[in-house]
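Structural features, examined
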Amino acid sequence: MSASYSFAGSNCRRKLTRTATDWFVSKYIGDRYKFAIDFVARGLSREGLFGSCAILDSCYRPREFIVEIHNRLDEDAYLKVLFHELIHVKQRILREHVTKYNKNYWYSRIVPEDTLYEDEPWEIEAHNNEERIYREFIEWQGE
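Described in the following lines is the structure provided in the data block.

What follows covers the environment of Leu49. Mapped onto the elements of the fold, Leu49 is located in the loop between β2 (35–42) and β3 (51–55). Since its relative accessible area comes to 36%, Leu49 is described here as partly exposed. Separated by 67 residues in sequence, Leu49 and Leu116 have C-alpha atoms that sit 17 Å apart. Beyond its immediate sequence surroundings of up to four residues, Leu49 is in contact with Leu44 and His70.

Shown next as structure tokens:
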């Protein structure tokens, strides 16, 4: 696999994160792309977040990401947030969501700057698919 990961957090979450991410990348991204993800499990209560995904290099063709996940979530919630954030990684790597000249594009169509968070197409896709992907992963683990 051409993805590399680093992790800051507890050992049990490290193994879970690696297993889930390897599965997700092989199923939804493939091994054609080289990229790196730094995972950080930490308290995000002050920020009012369960997770976040940020680009560490170029927004135009990103290949380095940081994914932060709230460390107080139970395992099921942790996985759902992880898959939500990995969907964002996929969107960027596969160029479904592109930022160029400070404008966001979704499948090559410009998204107006005044679009509300809950109406952003990349968020709609992530919210609509996190549960389904979570269930697929749980079924895969049971095989």
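Here we have 3 strands laid out as an open sheet, ordered β5-β6-β7, and antiparallel in their pairing. Each edge of the open sheet carries a strand with a single partner, namely β5 (97–100) and β7 (109–111). Pairwise comparison of adjacent strand axes, ignoring direction, gives a mean angle of 40° for this sheet. Pairing geometry for strand β6 (residues 103–106) and β7, over 3 bridges, is antiparallel. Residue pairing for β7: Trp106 is matched across the bridge by Arg109. Along the sheet face, helix α2 (residues 75–93) touches β5 and β6 and points at about 60° away from the line of β5. Lying over the sheet, helix α3 (residues 121–142) contacts β5, β6 and β7, oriented at roughly 45° with respect to β6.

On inspection of all chains with the given rule, the structure shows 9 salt bridges. The shortest N-O distance in the salt bridge between Glu131 and Arg135 comes to 3.6 Å. With Glu131 and Arg135 both in helix α3 and 4 residues apart, the pair spans about one turn of that helix. Salt-bridge contacts for Arg132 lead to Glu136; the nearest nitrogen and oxygen are separated by 2.7 Å. Remark: Glu136 and Arg132 occur in helix α3; sequence separation between them is 4 residues, near one turn of the helix.

Cut-off values and rules
Residues numbered from 1 in each chain as written. Predicted model: local features only at pLDDT ≥ 70, side-chain atom pairs only at ≥ 80, totals over all residues. Heavy atoms only, no water. Helix = DSSP H or I, 4+ residues; strand = E, 2+ residues; numbered from the N terminus. Buried < 20%, exposed > 50% of the residue type's maximum accessible area, 1.4 Å probe, protein only. Contact = heavy atoms within 4.5 Å. Pairing = 2+ DSSP bridges. Axes fitted to C-alpha atoms, helices over the stretch in contact; angles between N-to-C directions. Salt bridge = Lys/Arg side-chain N within 4 Å of Asp/Glu carboxyl O.

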